[in-house]
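Residue-level listing of the chains:
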Amino acid sequence: MSDLKTLLATALVGMSRAALPPHVDTPLADALSRVTRDDAESTLLARAALVGLAARAGQLPLPSAPPPEPAPAELRPEAPARVTRHLISVLNTAMLPEWLSLCGAAGWRVPHADLPDLLDWGSHVNEELRATLRPVLGERGRWLAGFSSDWRWLLGLKSGDVTVDGPEWEGATKAGREALFRALRDADSAASRAFLTVHFKVEKAGVRKRLLDVLAQTWEAGDAELEPLLEETLSDRSEDVRAQVRRLLQGLPSSAYNARMADRAKAMLGQEKVGFLGRLRGQVNFTLALPEVPDADLKRDGLEPVQHPAERLRHLLNAVHPGALMTALELKPAGLVGLAAQFEATDELVRAIFSSAAQPIEPAFSELAELLLPRLKGSFTHWRADLLALVPAPRREAELQAALRGHDSQLTLTLLRGLPTPWPADLSTEVFRQLSRAIRKAESAFAAYDKNSDWDYAWINVLELAQTRASPAAPRPSSLPADAPEYARQTLDNLYAGLALRAQIHADFAAERSL
């Protein structure tokens, strides 16, 4: 019997009933016999510890895995030390994408020592931010990404990497199937359309709704070929699914759904005769009448029976693509806005614009937005900032300057979000000036809860935008007075310190690129 087994057998019996076992003719016999303590129990434990240590020390090492292939040689030079010294300051901050963009534009890569931190950052941000990171990770970064599931985002997906027909799909939850379909969309949009054509109908309603949500969020021109499937889905059992399909079809100007909606509007409309002056002014007075012939597709297209023609028109204006409606009615944007205004349906027309708008913005939508802005009244004024985002840049800039002068923080925030980065220097200075005005009496961030305070959450968001989007070289306004609250002075100091760091980063990149 081995030393370990004899010690274990003695321990099970107990030292009150057994004596310490002798160790004879074993490799550890001599060493164990020399281990003694003050009492028998301690001696037993010490000898067991020695046997255990000898067993572990004597184990043969496991065969080592073959070493990985070495990383390929880098194709880009490493960024100079003058610019990489800032990387530790901007890592995991809102300034990192700007530093990465400058590095990528210079044709450099980041030092190898920074790769793990940057790969971790990339695993937590969206694709837009990852796009700034991919070019600067170099060959070593792509090589490293293969060793961690958290970093595999860098390797990208190919059509063969995502399978939605196998056990992985069958065993996935609703959220899991959504994630798999989204990955397939990213990897191969044509394959995702083919998958929908074959499998969409057999999925449960919850999954069908999720698949349509992904389709809406990742819509591209080629998805128009799915119209037959979407048209058929208008008869789906789920109202949630039908509503999402109607929104997708509304965004397709040439869809049969939009054609039916436009035909319904056309069948309702007539025009009254106007006098001589009215004809000179281009005046058009519309009349409305509900059609007498029953519409078999009415419910399928999401329309309910109504008593009044104006109510039907409002439903139609809300549900049809404005461009398709103007084509069917042979109206210019001014005519469509006049029609909506005559029957108090401007809110529905605005909703339709945002349900149908896609990038780039159609010129007709910009004109519609210009015409609708003066007509916003009462509760409809909340559309103002959204409509201004559609109008040409000079109009938006004029509105932004007016919003700044008028201390309209919410409109200022909305319009600033739509501007390219960095903002012009004069605009940046004006934003700094308005931030100083709004914050000068704020004693803490809780001032935003005070309805009488100039410092509200919209200004806080403007300040956060200014940190990364304002021109770093723009002149700063005068400092706050010495008796200004500490919170106000510290907040502006932090903003200006961040801008100074960005200015130094730009200067260092420019200096190195000029060498």
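Everything that follows concerns the structure shown earlier in this document.
Residue indices begin from 1 for each chain and proceed along its sequence in written order. Restriction of local features to residues with pLDDT of at least 70 applies here, the model being predicted, together with a cutoff of 80 or more for giving and counting side-chain atom pairs; totals for whole chains, interfaces and linings are based on all residues. Note that the side-chain values use all heavy atoms of the structure and ignore hydrogens as well as water.

(A) Looking closely at helix H6 (residues 96-106). Buried residues dominate H6, accounting for eight of its 11 residues. All of the buried residues in H6 are Leu-96, Pro-97, Glu-98, Trp-99, Leu-100, Cys-103, Gly-104 and Ala-106. Where the residues of H6 are buried, they touch helix H4 (81-84), helix H5 (87-90), helix H7 (115-122), helix H8 (127-133), helix H27 (457-469) and helix H28 (486-513). Just beyond H6, the residue with positive phi is Gly-107, at close to 80°. For every residue, the accessible area (1.4 Å probe, protein chains only) is compared with the maximum for its type, and the residue is labelled buried under 20%, exposed over 50%, or partly exposed between those bounds. For the purposes of this entry, the term helix denotes a DSSP run of H or I that reaches at least four residues, the term strand denotes a run of E that reaches at least two, and both are numbered from the N terminus. Every residue pair with non-hydrogen atoms within 4.5 Å of one another is taken to be in contact.

(B) The arrangement of unusual backbone geometry in detail. Of note, the amide linkage connecting Thr-421 to Pro-422 takes the cis form, showing an omega dihedral of -5°. Note that Pro-422 resides in the loop between helix H25 (409-417) and helix H26 (425-439). Despite not being glycine, Asn-92 shows a phi value in the positive range, around 60°. Position of Asn-92 relative to the elements: it lies in the loop between H5 and H6.

(C) Inspection of the pattern of salt bridges at higher detail. What counts as a salt bridge is simple: a side-chain nitrogen of Lys or Arg found within 4 Å of a carboxyl oxygen of Asp or Glu. Per the stated rule, a full pass over the model turns up 32 salt bridges. Arg-82 serves as the salt-bridge partner of Glu-512, at 3.3 Å between the closest nitrogen and oxygen. Of this pair, Glu-512 sits in helix H28 while Arg-82 is found in helix H4, placing the two residues 430 residues apart along the sequence.

(D) Here's a closer look at the side chain of Arg-130. Mapped onto the fold, Arg-130 is located in helix H8. Classification of Arg-130 as buried rests on a relative accessible area of 13%. With sequence-adjacent residues up to four places away left out, Arg-130 is seen in contact with Gly-122, Ser-123, Val-125 and Trp-153.

(E) Representation of the packing of helix H24 (residues 393-405) against H26. Angles here are taken between N-to-C directions and fall from 0 to 180 degrees, while the axes themselves are lines fitted to C-alpha atoms, restricted in helices to the stretch in contact. Axis separation between H24 and H26 bottoms out at 10 Å; the angle between their running directions is 25°. Here H26 runs roughly parallel to H24, going by the angle between their axes. Crossing geometry of H24 relative to H26 is assigned as left-handed. Touching Leu-400, Gln-401 and Leu-404 of H24 are Leu-427, Glu-430, Val-431 and Gln-434, all from H26. Here the term charged refers only to Asp, Glu, Lys and Arg, the term nonpolar to Ala, Val, Leu, Ile, Met, Phe, Trp, Tyr, Cys and Pro, and the term polar to all other amino acids, Gly among them. Of the residues contributing to the contact of H24 with H26, the split by class is four nonpolar, two polar and one charged. Roughly parallel means an angle under 35 degrees; roughly antiparallel means over 145; roughly perpendicular covers 65 to 115; every other angle is labelled oblique. Here a crossing is taken to be left-handed if its near helix is turned anticlockwise relative to the far helix by less than a right angle, and right-handed if that turn runs clockwise.

(F) View of a nonpolar patch on the surface. Only residues whose relative accessible area exceeds 30% and that form no salt bridge are eligible for patches; like-charged ones are grouped when within 9 Å, while nonpolar side chains (Val, Leu, Ile, Met, Phe, Trp, Tyr) are grouped when within 5 Å. We get accessible surface area from the Shrake-Rupley algorithm with a probe of 1.4 Å; when it comes to residues, only the shown protein chains can shield them. Together, Phe-446, Tyr-449 and Tyr-457 give the surface a local cluster of nonpolar side chains, amounting to about 420 Å² of exposed area. In this fold, Phe-446 is placed in the loop between H26 and H27. According to the relative accessible area criterion, Phe-446 is exposed, its value standing at 62%.

(G) Local environment of the packing of aromatic side chains. Stacked, edge-to-face and tilted are the three classes for Phe, Tyr and Trp ring pairs, Trp counted by its six-membered ring, which pair at centre distances within 6.5 Å; planes under 30 degrees apart are stacked, over 60 edge-to-face, the rest tilted. Considering all chains together, one arrives at seven aromatic pairs under this definition. Their ring planes at 40° and their centres at 6.1 Å tell us that Phe-181 and Phe-195 sit as a pair that is tilted. Of this pair, Phe-181 sits in helix H11 (residues 174-187) while Phe-195 sits in helix H12 (residues 189-199); the two residues are 14 residues apart in sequence, bridging distant segments of the chain. A ring pair is formed by Tyr-449 and Tyr-457, whose centres lie 5.7 Å apart and whose planes are at 85°; its orientation type is edge-to-face. Using a relative accessible area of 41% as the deciding quantity, one classes Tyr-457 as partly exposed. Put simply, the rings of Trp-99, Trp-108 and Phe-509 touch in pairs and so form one group of aromatic residues.

(H) Molecular detail of the packing of H27 against H28. In contact at an axis separation of 9 Å, H27 and H28 are set at 20° when each is read in the N-to-C sense. The angle between H27 and H28 places the two elements in the roughly parallel class. In this structure, H27 uses Leu-463, Ala-466, Gln-467, Thr-468 and Arg-469 to contact H28, whose residues at the interface are Thr-491, Leu-495, Leu-499 and Arg-502. Along the lines of polarity and charge, the residues of the contact of H27 with H28 split into four nonpolar, three polar and two charged.

Any functional reading would require information that these geometric values do not contain.
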